[in-house]
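# Tertiary structure, described
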Amino acid sequence: MLKRVLMCATAAAALLGASLPAYADVSVKIGVLNDRSGPYLDISGEPSVNAAKMAVEDFGAEAKGIHVSFVAADHQNKPDTGSNVARQWFDQDGVDVIVDVPNSGVALAVAKVTREKNKIFMDSGAGTSVLTGEQCSPNTVHWTYDTYALAKSTATSILKEGGKSWYFLTADYAFGHALQADATRFVKQAGGTVVGSVDTPFPSSDFSSFLLQGQGSGAQVIGLANAGSDTVNSIKQAAEFGVVQGGQRLAGLLVFITDVHALGLQVAQGLNLTTAFYWDHDDGTRAWTKRYEAVNDGKVPTMDQAGVYASVLHYLKAVDALHGKDTAAVMAKMREMPTDDPLFGHGRLRIDGRVTHDMYLYQVKTPAESKGKYDYYKLLDTIPAEQAFRPLADDNCPLVK
Amino acid sequence: MHTFLGIPTQVLFGQLTLGLINGAFYALLSLGLAVIFGLLNIVNFSHGALYMMGAFAGYILLQVFGVNYWGALVLAPLIVGAFGIVIERTMMARLYRLDPIYGLLLTFGLALIIQGLFRNSYGVSGLPYAAPPIFRAPLQLGFMVLPAYRAWVIVASLVVCLATWFTIEKTSLGATLRAATENPVMVSAFGINVPRLVTLTYGFGVALAALAGVLAAPIYSVNPNMGADIIIVVFAVVVIGGMGSILGSVITGFALGLCEGLTKVVYPQASSTVIFVIMIAVLMVKPNGLFGRAA
């Protein structure tokens, strides 16, 4: 009797085994680490988590045997908080990959922890080009944009229009300094000069003193090497103090669509800006945005949130191809496969961790040109992927031999 | 060009004027805090959140009800002041007999809740609020272009601060108030409703914060975090001026605005910390603050 039961059980197990695929299911845990209370809440925050979930859904991960779970946390724009969360996620919570992480200071700290724990870090929100330069790591993917690409496109366009002497308002932390350094390089290359700069405490609400110093410098262009509410306040206050009427030009080196929304077209019109993603770019971005808005209270996606979607999608493709999540194997697979999604088009992941894709130079529309909600930009130029980002040779990344 | 300490005088005057504007906000906010602390002995940590609510009240009044800036300047302090009165009656009144630390915890918790709620609904990028049309044209001061609206802020703040000081220190109403905090039992024996007096005083302190919020709306973006950014500085101002000293908080507010303005020229990176350095220095020499009475 017992023998018969055992035999039946064995037969059933064999049958069951045969009906399953030859490989086991994979469970991955994604940690979305970003700003949930401070100046970068609107460019990242909870919508980044929703964007990552959209990627899981669109890829049909569950049907392919990939079980994805999420955790999310606020890094409060503090590098020590960020690295503590990352450490806990990797050590205790079984997180495999951390995504988003706006704020360059936090991103550099998280990159260090990720490398130490041999997991994967896919950054979308941070700007510093140091992440794929001196501090590059085999465990880092930098998806959306960086200070080099922003500076190259925006600064070059303004230099072409005759803005040769520059004064910088620089947010006093990793991102601001990287952005100023990258922009300075292009200003000098084009034969321009940097007449001065001021490091502003981050975050600040009053930029009038610094703008006054910029006005006094006599520079043709005041370059804003800052982001988020810092950028909004400096552009708004520049309008108040008649910087543009005084014959000077403002260069917002990093402007998100949420910043333009906060400024209003009346103040923001005519601003040149560089972005990796604009919702109204083509049918693919429009269709995706429609679905995105449905789960985010009608808010329009920033390039940061779009980058979270695209990076998670690329990661899942690699996990699916390997049927496993071994860090080195997934990283190798992600480098091997070209990146391809409706938001950023075609691109690739380089050895230094940089993802290259097209970048766009836009100009903010006038109130008369804008036809509806969030109809803010008109395209001036497309910078092809090969030219948009820093060449590997100039990286100073130890991984590039 | 003349220079002072190696700084061109033009730049110096410009920065001092801007410092004065920030000082105007510090003065208005620390005044409200000083009134509340001096008369109620409450460390009102929700003051920054109430300032932010003032700015939002102005924004909502304009967007939803079409009330312009001048209307908001009157209505927003009334609305937020009424909100403050509700808070005082329903929550704070229960804590007067306890250690002041409970009041501090309550108001701090309230601040976090209020800010969180606004952040949830409005995000952090800020909302635009235009200055009224008569302030559109900037003033040419010779050494700088001063937006007319900012000049108005200095004037408005000075008038409100002086009027408050006068009311509390020089009128019979103010004398009653001060007496009520000194010895509430004795004052109620004279037939004065002390709890109501306390409630109205708190409401007034809150209304001052809301007024500062409406004044700030056209300068800074209306932003849920605007109160959290400024409140710590304002507390330092109150401590430097002497907890509860009304004139002290006003003078210190303007003076520290000037110090901050100067720092922005000499060493900008330190401009967010200079006030705290001054606070430490003052406390080492005068533990009760510059204008504080010995405890």
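The structure presented is a predicted model; accordingly, all values stated were derived computationally and were not measured.

## A word on the overall build of chain B
A tally of helices and strands in chain B yields eleven helices and four strands. For 295 residues, the compact-globule estimate of 2.2 N^0.38 gives 19 Å, and chain B sits close to it at 19 Å. Reported as C-alpha extents along the three principal axes, the dimensions of chain B are approximately 65 × 50 × 35 Å. The buried share of chain B, reckoned over its 295 residues, is 50%.

## Some points on the interface of chain B and chain A
With 27 residues of chain B in contact, the opposing surface of chain A contributes 30 residues. Among the secondary structure elements, those contributing two or more residues to the side of chain B that touches chain A are helix H1 (9-40), helix H9 (226-241) and helix H10 (246-266) of chain B. Among the elements that line the side of chain B that touches chain A, the one with the most residues is H1 of chain B, at five residues. Grouping the constituent residues of the side of chain B that touches chain A by class yields twelve nonpolar, twelve polar and three charged.

## Description of the UniProt feature "domain: Leucine-binding protein" (unreviewed entry) in chain A
Annotation from UniProt places "domain: Leucine-binding protein" (unreviewed entry) at residues 27-365 of chain A. Span residues 27-365 of chain A is 44% helix and 21% strand, its end C-alpha atoms 46 Å apart.

## Observations concerning the UniProt feature "transmembrane region" (unreviewed entry) in chain B
All names here are of chain B. Look at the UniProt record and you will see "transmembrane region" (unreviewed entry) annotated at residues 20-42, 49-66, 72-89, 101-118, 149-168, 197-220, 232-258 and 265-285. As a span, residues 149-168 carries 100% helix and 0% strand, and end to end its C-alpha atoms are 29 Å apart. Secondary structure content for residues 197-220 is 83% helix and 0% strand, while the C-alpha to C-alpha distance between its ends is 34 Å.

## Concerning unusual backbone geometry
All names here are of chain A. Cis geometry is found at the peptide bond from Phe202 to Pro203, where omega equals -15 degrees. When you line up the elements, Pro203 lands in the loop between strand S7 (193-200) and helix H7 (208-217). Although it is not a glycine, Asp297 sits at a positive phi angle of roughly 55 degrees. Position of Asp297 relative to the elements: it lies in the loop between helix H11 (283-295) and helix H12 (303-322). Although it is not a glycine, Tyr374 sits at a positive phi angle of roughly 65 degrees. Mapped onto the elements, Tyr374 comes out in the loop between strand S14 (359-364) and strand S15 (377-383).

## What about the sheet that holds strand S1 (residues 26-34) of chain A?
All names here are of chain A. A sheet is described by the order of its strands in space; here five strands give the open sequence S2-S1-S3-S4-S5, paired in parallel fashion. Two strands close off the open sheet at either side, each with one partner strand: strand S2 (66-74) and strand S5 (140-142). Shown here is a sheet whose adjacent strand axes are inclined to one another by a mean of 20 degrees, direction ignored. Relative to S2, S1 runs parallel, the two being bridged by nine bridges. Across the sheet, the residue bridging to Gly31 is Val71, located in S2. Sitting on the sheet, helix H3 (residues 79-91) touches S1, S2 and strand S3 (97-100), and the angle it makes with S1 is about 170 degrees.

## Looking at the nonpolar core
Ala52, Val110, Tyr309 and Val312 of chain A together with Ala210 of chain B are the most contacted members of the largest nonpolar core, which totals 210 residues. Top contributing element to this core by residue count: H1 of chain B, with 17 residues. Split by domain, the residues of this core number at least three in each of domain 1 (26-145 + 281-357) and domain 2 (148-280 + 359-388) of chain A. Each residue touching Val110 of chain A, except ones within four places of it in the same chain, is listed here: Leu33, Gly82, Ser83, Ala86, Ile98, Val101 and Phe121 of chain A.

## Some remarks on the confidence of the model for chain A
Residues and elements named next belong to chain A. Looking at chain A, pLDDT values average 91 and 94% of them are 70 or higher. No element of chain A has a lower mean pLDDT than helix H1 (residues 2-19), which averages 53, and none a higher one than strand S4 (residues 120-123), which averages 98. Every residue in residues 15-22 scores below 50 in pLDDT, and together they form one contact with partners more than four places removed in sequence or on other chains.

## Thoughts on the domain arrangement of chain A
Residues and elements named next belong to chain A. Entries for chain A in the domain assignment read domain 1 (26-145 + 281-357) and domain 2 (148-280 + 359-388). Taken together, the 29 residues of domain 1 in the interface contact 26 residues of domain 2. Elements with a minimum of two residues in the side of domain 1 that touches domain 2: helix H4 (104-117), H11 and H12. Along the lines of polarity and charge, the residues of the side of domain 1 that touches domain 2 split into 13 nonpolar, 14 polar and two charged.

## Focus: the sheet that holds strand S9 (residues 249-252) of chain A
For sheets, the rule is that strands pair by backbone hydrogen bonds, running either parallel or antiparallel. Residues and elements named next belong to chain A. In space, the four strands of this open sheet follow the order S7-S6-S8-S9, with parallel pairing throughout. In this open sheet, the two edge strands, each paired with only one partner strand, are S7 and S9. For this sheet, the mean angle separating the axes of adjacent strands, direction not counted, is 20 degrees. The pairing of strand S8 (residues 221-225) with S9 spans four bridges and is parallel. Considered in S9, the bridge of Leu224 is made with Gly252. Across the sheet, H7 lies against strand S6 (165-171), S7 and S8, angled at about 165 degrees from S7, the strand it touches most.

## With respect to the environment of Ser44 of chain A
Residues and elements named next belong to chain A. Within the secondary structure, Ser44 is located in the loop between S1 and helix H2 (45-59). Once the C-alpha coordinates of Ser44 and Leu169 are considered, the two residues, 125 residues apart in sequence, prove to be 24 Å apart. Residues in contact with Ser44, not counting those within four places in the same chain, are Asn34, Asp35, Asp100, Pro102, Gly125, Asp304 and Gln305.

## As for the pairing of S3 of chain A
All names here are of chain A. Pairing between S1 and S3: four bridges, direction parallel. Note that in S3 the partner of Val32 across the bridge is Val99. Bridging between S3 and S4 involves four bridges; their strand directions are parallel. Residue Asp100 lies in a different strand from S4, and its bridge partner there is Asp123. Between the parallel elements S3 and S4, the chain passes through H4 in a crossover that is right-handed.

## Some thoughts on helix H8 (residues 194-216) of chain B
Across its 23 residues, H8 of chain B extends 33 Å between first and last C-alpha, which sits within 8% of the 33 Å expected from 1.5 Å per residue. The element H8 of chain B is extensively covered by neighbouring structure, given that 19 of its 23 residues are classed as buried.

## Regarding the packing of helix H5 (residues 148-170) of chain B against H10 of chain B
Residue and element names in this part refer to chain B. Running from N to C, H5 and H10 cross one another at 165 degrees; their axes reach a closest spacing of 9 Å. Considering their axes alone, H5 and H10 lie roughly antiparallel with respect to each other. In terms of crossing hand, the pair formed by H5 and H10 is left-handed. Residues Cys161, Thr164, Trp165, Ile168 and Glu169 of H5 pack against Ile246, Leu247 and Val250 of H10. Split into classes, the residues belonging to the contact of H5 with H10 amount to six nonpolar, one polar and one charged.

## Concerning the packing of helix H5 (residues 147-160) of chain A against helix H6 (residues 174-189) of chain A
All names here are of chain A. Put simply, H5 and H6 touch, their axes get as near as 8 Å, and they point 40 degrees apart. Overall, the two elements H5 and H6 adopt an arrangement that is oblique. Where H5 crosses over H6, the handedness of that crossing is right-handed. Between H5 and H6, the contacting residues are Thr147, Tyr148, Leu150, Ala151, Lys152, Ala155, Thr156 and Leu159 on the first element and Ala178, Leu179, Asp182, Ala183, Phe186 and Val187 on the second.

Thresholds applied
- Residues numbered from 1 in each chain as written.
- Chains lettered and ligands numbered in written order.
- Predicted model: local features only at pLDDT ≥ 70, side-chain atom pairs only at ≥ 80, totals over all residues.
- Helix = DSSP H or I, 4+ residues; strand = E, 2+ residues; numbered from the N terminus.
- Rg over C-alpha atoms; globule rule 2.2 N^0.38 Å.
- Buried ≥ 20, exposed ≤ 12 C-beta atoms within 10 Å, placed from the backbone.
- Contact = placed C-beta atoms within 7 Å.
- Nonpolar A, V, L, I, M, F, W, Y, C, P; charged D, E, K, R; others polar.
- UniProt positions renumbered as here; feature names shortened; annotations may be inferred.
- Pairing = 2+ DSSP bridges.
- Axes fitted to C-alpha atoms, helices over the stretch in contact; angles between N-to-C directions.
- Core = buried A, V, L, I, M, F, W, Y, C linked by C-beta atoms within 7 Å.
- Domains from an automatic or database assignment.
- pLDDT = per-residue confidence, 0-100.
- Right-handed = clockwise from strand over helix to strand, strands pointing away.
- Expected span 1.5 Å × (residues − 1).
- Parallel < 35°, antiparallel > 145°, perpendicular 65-115°, else oblique.
- Left-handed = near helix turned anticlockwise from the far one by under 90°.

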